[in-house]
Amino acid sequence: MARVFPSWLTIHDASKFTPALTPGEEYLVEQLESLLDDKWSVYVQPHLNGDRPDVVAMNPNVGVTFFEVKDWNLDLYNVDSFDNWHVVTRHGRQTWVASPFKQVTRYRTNAINLLVPQIGRAVDEEPQRLQALKTAVYFHNSSGEIARSFKTPSSKYIYVFGYDDFPNGLQKIIPDFGYSSSKYMKPNWAKELAPWLLPPRHEATHGRLPLSREQRQHATPSQGFHRLRGVAGSGKSLVVAHRAAANAQAGKRVLVLCFNITLVNYLLDLVKRAPYNFDPSYISIRYFHDACIWINDKLGSYLSAKKGDEEVYFEKTVPNKTINALESYMTLNGRLPYELRFDSVLIDEGQDFTRSYYEVARILASASGREFELFMTADYAQNIYNREYSWLEDMRGTGFRGAWGKLAKTYRMRQRFASAAWRFAQACGLDTDLPEFDVNQVGLLETLVYYRTKDIESACRIALGCYEYLRSVRGVHPQDTALLVPDHSTGVSMATWLNNQGNRVNHVFSTAIDERQRHKKGFWMGQGGIKMSTIHSFKGWEINSLILIANKETLANINTSMIIYVALTRAIENIYIISTYDIINIETTEPDNIPLEILEYAGKTSFTINWRNTVRSSDEGLDYYDRIDPPETHGDAWSFGIDDD
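S.K.: Would you mind going over unusual backbone geometry in detail, with residue names and values included?
M.R.: Of note, the amide linkage connecting Phe5 to Pro6 takes the cis form, showing an omega dihedral of -5°. One can find Pro6 in the loop between β1 (3-5) and α1 (8-11). With an omega dihedral of -5°, the bond running from Thr18 to Pro19 counts as a cis peptide bond. Locating Pro19 in the fold gives a position in the loop between α1 and α2 (23-35). Despite not being glycine, Gln45 has its phi angle at roughly 45°, a positive value. By the secondary structure assignment, Gln45 is in the loop between β2 (41-44) and β3 (55-59). Non-glycine residue Glu590 carries a positive phi angle of around 55°. Note that Glu590 resides in the loop between β21 (571-579) and α21 (596-603). Overall, the relative accessible area of 52% leaves Glu590 in the exposed class.

S.K.: Help me get a handle on the side chain of Thr322, residues and values and all.
M.R.: Summarising the element assignment, Thr322 is placed in helix α12 (residues 310-333). One polar contact links the side chain of Thr322 to the main-chain carbonyl oxygen of Val318, over a distance of 2.7 Å. Those residues in contact with Thr322 that lie beyond four places of it in its chain are Cys292, Ile295, Asn296 and Val360.

S.K.: Explain the side chain of Thr589 to me, using residue names and the numbers behind them.
M.R.: For Thr589, the location among the structural elements is in the loop between β21 and α21. Here Thr589 is in contact with Ala420, Arg423, Phe424, Leu448 and Leu568, once residues within four sequence places are set aside.

S.K.: Explain the sheet that holds strand β14 (residues 373-378) residue by residue, including any values.
M.R.: Strand pairing within a sheet occurs via backbone hydrogen bonds; the two strands may be parallel or antiparallel. In spatial order, the strands read β12-β11-β13-β14-β10-β15; together these six strands make up an open sheet with parallel pairing. Each of the sheet's edge strands pairs with one partner strand only, and the pair in question is β12 (283-287) and β15 (405-407). The mean inter-strand angle of the sheet, taken between neighbouring strand axes irrespective of direction, is 20°. By the bridge criterion, three bridges tie strand β10 (residues 224-230) to β15 in an arrangement that is parallel. Note on β15: the bridge partner recorded for Leu228 is Gly405.

S.K.: Can you explain the nonpolar core? Please cite residues and give values.
M.R.: Val256, Ile283, Ile564, Ile577 and Ile583 are the most contacted members of the largest nonpolar core, which has 65 residues in total. For this core, the leading source of residues is helix α9 (residues 236-249), giving eight residues. Not counting chain neighbours up to four residues away, the residues in contact with Ile583 comprise Phe424, Tyr450, Ala550, Ile564 and Ile577. Listed in part, the 41 residues of the second largest apolar core include Phe259, Val318, Leu326 and Ala378.

S.K.: Got a sec to walk through the environment of Ser344? Specific residues and values, please.
M.R.: Within the secondary structure, Ser344 sits in strand β13 (residues 344-347). Exposure remark for Ser344: the relative accessible area of 0% places this residue in the buried category. Not counting residues up to four positions away in its chain, the partners in contact with Ser344 are Asn247, Arg253, Val254, Leu255 and Glu373. In this structure the side chain of Ser344 is engaged in a polar contact, spanning 2.5 Å, whose partner is the side chain of Glu373.

Criteria and cut-off values
- Residues numbered from 1 in each chain as written.
- Predicted model: local features only at pLDDT ≥ 70, side-chain atom pairs only at ≥ 80, totals over all residues.
- Heavy atoms only, no water.
- Helix = DSSP H or I, 4+ residues; strand = E, 2+ residues; numbered from the N terminus.
- Buried < 20%, exposed > 50% of the residue type's maximum accessible area, 1.4 Å probe, protein only.
- Polar contact = N/O pair within 3.5 Å; in protein donor to acceptor, adjacent residues only side chain to side chain.
- Contact = heavy atoms within 4.5 Å.
- Pairing = 2+ DSSP bridges.
- Axes fitted to C-alpha atoms, helices over the stretch in contact; angles between N-to-C directions.
- Core = buried A, V, L, I, M, F, W, Y, C linked by side-chain atoms within 4.5 Å.

Structure below.
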């Protein structure tokens, strides 16, 4: 018999397992348990950072199968060639409903690309390995023949079956169930997926990130609308993480939203280190545009494929259609699906959000009822996406009242960097306060270097010279160094060059959008090797030593003062800014002269940019594909559906 997680005792306890299994889900689990051997584990409604597949079956030697189960009367349903599903309601009208084929495909995609991106990279390198990660849909009230008649060309690799297929044996439904091993499955994949499929309860003893008294005042959950401003390095993200963990400890469901893809990993790490006892499945952490796709998927609505101006699509079309989908669904059904009901919605880096982004979060929070919490942090001086943030100054109609809470002390930055960043911000007219700091934040070895050079290739060579100098002369470990470049073309060339020189590089770059998304989702500080990204992808993180390449051409439409300010606030001990133009007010930072060893290293470097790596002009600098996975839709289809469970 297969092992079932959680236990049947827990599954049948309404106080511990919500929502209850449908008859179809329970029947499938019973069949898998009785017909598979003990090498198989069956996970029932596992929480995968907001996604919740009905069933997942896994054998470390064979593979993984994600199941979606529907107790539908298929006589009421129809599907078009683009896998868009419709159902006839009890009132006799036809409406959209989420495609079970798209749902189960998304569960697998997110699991291997977001939760365990090393699996996604392995599949990129050897596409045939995807055969170890199967998807299946079971229609409990339908025969297999009728169920399979709903397959479309886009779902041809999904196993579809009905109630009358079980007597033929599981291996007839999905061949893997008859195997003892598979050449496509890597045993370590099971070890990497298992903590997500059945996360261990987080114990308070795991926590290693205590709060200051000032931070504790804002980390205690409370109902209503709350907002917090803080200087760079004051612990805003830390407060968000503690607030999320404290809510989860109280048995409340939490959604944490940020704008930046790579910031998700940072927040996940902070939550793991928070000193609370909680079930990790109570917390979902997502970047905004991914959350929009996820929300629409849960509502059975479809975002149209991108057409025309990218900025209009991502800044207006996506959030506005998500708002419409939420409001329409609530009108039809009275409440949102269970997966979208949260007791607390927390927004980190609120200055990156537009008013319409915020409105999505507000609807999600308030939809849970009167007892909800919406908490947001912000720092106006880090508005590197050039947001119109007047709505943060005049927040009438948003639910917030009273003054902003404040974090005045910086805990990350040494005094020299904190003072330099503030002087630079003041000279450039950026809205920030002079941070407070402790005596022990006054160091002796901080380095802040600014160097002006002629062109981007020269800047890259000098930046590589900085890396070699830090490693060879200063003894800084590559893992404690970040190299921030102005665009993806430069990033691809530099990452390739460093790899060819035998360096391990943890980076976010690729000329292929899908692969770039995987790099971003696998971007963790704990991984070995030098870190490489754009300044946008690094916002929110911190590092011992930072090297920034500033190129005027790439940053032409971006507030360069904010870019430099953010760079000045990311490092702990060493900052090197290499620029192809004269940065206004940089002298206020009182920079050091560049060490001659760096120029000597640069002179010996053979690096050149491979311009064949150039990506589309829209991918340079402020990259919208940095923020969102392209929706898996066809044509202009978009609408809302009904609660299909």
